[in-house]
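Below, each chain spelled out in residue letters.
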Amino acid sequence: MTPHSSSLREHFASDNYAGMCPEATHWFLEANNSGHQPGYGDDIWTQRSTDMIRELFGTPCDVYFVFNGTAANSLALAAMCQSYHSVICTPVAHVDTDECGGPEFFSNGSKLLTTESDSPAARLGKLTPQAVEQLITKRSDIHYPKPKVVSLTQATELGTVYTVEEVRAICAVARQRGLKVHMDGARFANAVASLRCHPAEVTWRAGVDVLCFGGTKNGLPIGEAVVFFDRALSEDFAYRVKQAGQLASKMRFISAPWVGLLENEVWLRNARHANAMAQRLYAALRELPGATVLHPPEANGVFVQLPREVIDGLHAKGWKFYEFIAGGGCRLMCAWDTTPEAVDAFVADLAAALR
Ligand SMILES: *Cc1c(COP(=O)(O)O)cnc(C)c1O
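As the structure is a computational prediction, the values presented were derived from the model and not from experiment.

### A short note on the site of the ligand
All residues adjacent to the ligand are Asn68, Gly69, Thr70, Asn73, His94, Glu99, Thr153, Glu157, Asp184, Ala186, Arg187 and Lys217. A distance of 3.5 Å separates a nitrogen atom of the ligand from a polar atom in the side chain of His94. Taking Lys217, its side chain carries an N or O atom lying 2.6 Å from an oxygen atom of the ligand. For the ligand, whose unbound accessible area comes to 390 Å², protein coverage reaches 81%. In a pocket analysis with a 2 Å cut-off to the grid points, the ligand is assigned to the largest pocket. Top contributing element to the shell around the ligand by residue count: helix 3 (residues 69–80), with 3 residues. Within the shell around the ligand, the residues separate by chemical class into 1 nonpolar, 6 polar and 5 charged.

Quick look at the structure:
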């Protein structure tokens, strides 16, 4: 991997600040050099990357490419729900807090039900079987939207990762109660790299029905794959994608770069690198009095509480990052191309600001 020139400024705001990785770029250009190709996904690149995703998971599944995660999640949930259904998720779920009501809009009104926010699991951004069960059984009357889907985010919005056991246990409750399971995998690669398991282990073998497999934050220019392990749920999904304005006419430029990610496990290599940079950042932050890391990172993000004036000082020095959690909690995301030098430079500026 050749990180970009260190004279170019890196940031910790989001893993989508990074550009596309060399392998994705290579296949993007290959697609452009392959002459005329049919539009709307009838091209050789879409066929190839779809086959590679099926091979990766080792099971027959239906795969659709869309432009972004909001569309992937919203359309997947809409396919899993009727308008009178509801979706169980955490209070920090991207589907609830950062998709502008997309899931509700595309499902014509399916309601999102969030679990309580002050349990130990919730503070780590996770659902538990108990919390899911509690929401499912809370009401059973006709006046309440019927729970139909459990949506879990892997890796979570708080940089933690569900173990295979945890996913299995949540899926078991869902199955027992007749609910389907959706996984928001915007950072699925980081989760699998962290777990060191086979991607099938933490998805369909654990009971996940639909995975939104993130490519953008893993090194693609653009694009996410919606993977239906329960193929009955994908009926008419192509129409949803088209109606939502998510069917790329030059689909090959979304799908071909996936070949670069999937070949030679580049997706895992990119994720492992981002995770390792988060560990490097974490190790340094732990040594700084005045910086309070909220919990050990398990993927590619570190969450740290810093004094107000220190945050302002870092921003003034040009570092971009989000204050994600109320009360001074900052989110520091590492990407496939984050350099150790950038981590060290950030830590040095932070240490100076704390003094
Ligand atoms: C980034 C992200 C998405 C996708 O967001 P888009 O901006 O719509 O691509 C979905 N879920 C989570 C948890 C994310 O972090």
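### Examining the confidence of the model for the protein chain
Model confidence for the protein chain is summarised by a mean pLDDT of 95, while 97% of its residues fall at 70 or above. Within the protein chain, the lowest mean pLDDT, 81, falls on strand 10 (residues 322–325), and the highest, 99, falls on strand 6 (residues 210–214). Taken together, the stretch residues 1–6 has pLDDT below 50 and engages in 9 contacts with residues farther than four places along the chain or on a different chain.

### Re a nonpolar patch on the surface
A contiguous nonpolar surface patch, about 310 Å² in accessible area, is contributed by Tyr17, Tyr322 and Phe324. Its place among the elements puts Tyr17 in the segment before helix 1 (22–32). Overall, the relative accessible area of 42% leaves Tyr17 in the partly exposed class.

### Quick look at helix 9 (residues 188–195)
The element helix 9 is largely enclosed, with a buried count of 6 among its 8 residues. Of the positions making up helix 9, those classed as buried are Phe188, Ala189, Asn190, Ala191, Val192 and Ala193. Tucked into the core, helix 9 has its buried residues touching helix 2 (44–57), strand 5 (180–185), strand 6 and helix 12 (266–286). Note on helix 9: the residue one or two positions beyond its end, Arg196, has a positive phi of about 55°.

### Considering the environment of Thr163
By secondary structure assignment, the location of Thr163 is in the loop between strand 4 (146–153) and helix 8 (164–176). By relative accessible area, Thr163 is classed as partly exposed at 34%. Each C-alpha atom, one on Thr163 and one on Ser194, is 9.6 Å from the other, the two residues being 31 residues apart in sequence.

### Concerning the pattern of salt bridges
Taken as a whole and assessed by the stated rule, the structure comprises 17 salt bridges. Linking Arg168 and Glu165 is a salt bridge whose minimum nitrogen-to-oxygen distance equals 2.4 Å. Here the residue Arg168 and the residue Glu165 both occupy positions in helix 8, the gap between them amounting to 3 residues, near one helical turn. Note on Arg168: relative accessible area 32%, which makes it partly exposed. The partner of Lys317 in a salt bridge is Asp349, and the shortest N-O contact between them spans 3.4 Å. Placement of Lys317 in the loop between helix 13 (308–316) and strand 10 and of Asp349 in helix 14 (residues 340–354) is noted, with a sequence separation of 32 residues between them.

Thresholds applied
Chains are numbered independently. Their residues run from 1 in the order of the written sequence. A pLDDT threshold of at least 70 governs which residues receive local features in this predicted model, and a stricter bar of 80 or more applies before side-chain atom pairs are shown or counted, although totals over entire chains, interfaces and linings include all residues. Side-chain metrics in this entry use all non-hydrogen atoms of the structure; hydrogen atoms and water are not considered. What makes a residue near a molecule or strand is one non-hydrogen atom of that residue sitting within 4 Å of it. A 3.5 Å cut-off defines polar contacts: any pair of N or O atoms within that distance qualifies, except that in protein one atom must be a possible hydrogen donor and the other a possible acceptor, and neighbouring residues in sequence count only when both atoms are side-chain atoms. Residue-level accessible areas treat just the shown protein chains as cover; the underlying method is Shrake-Rupley with a 1.4 Å probe. Both cavities and pockets are sets of points on a 1 Å grid over the protein atoms alone; in a cavity a 1.4 Å probe fits but cannot get out, in a pocket the set is open with protein on both sides within 12 Å along at least five of seven lines, and lining residues sit with an atom within 4 Å of a point. Grid points define the cavity or pocket, and a molecule sits in it when more than half of its atoms lie within 2 Å of them. To qualify as a helix, a DSSP run of H or I must reach at least 4 residues; to qualify as a strand, a run of E must reach at least 2; elements of each kind are numbered from the N terminus. Think of it as three bins: nonpolar holds Ala, Val, Leu, Ile, Met, Phe, Trp, Tyr, Cys and Pro, charged holds Asp, Glu, Lys and Arg, and polar takes everything else, Gly as well. The predictor's confidence in any single residue is recorded as pLDDT, a number from 0 to 100. Here a residue-residue contact requires only that any non-hydrogen atoms of the pair lie within 4.5 Å. Each patch is built from residues lacking any salt bridge and having more than 30% relative accessible area; the joining distance is 9 Å for like charges and 5 Å for nonpolar side chains (Val, Leu, Ile, Met, Phe, Trp, Tyr). Salt bridges are counted wherever a side-chain nitrogen of Lys or Arg sits within 4 Å of a carboxyl oxygen of Asp or Glu. Under the scheme applied here, a residue whose accessible area is under 20% of the maximum for its type counts as buried, over 50% as exposed, and between as partly exposed, the area being computed with a 1.4 Å probe on protein chains only.

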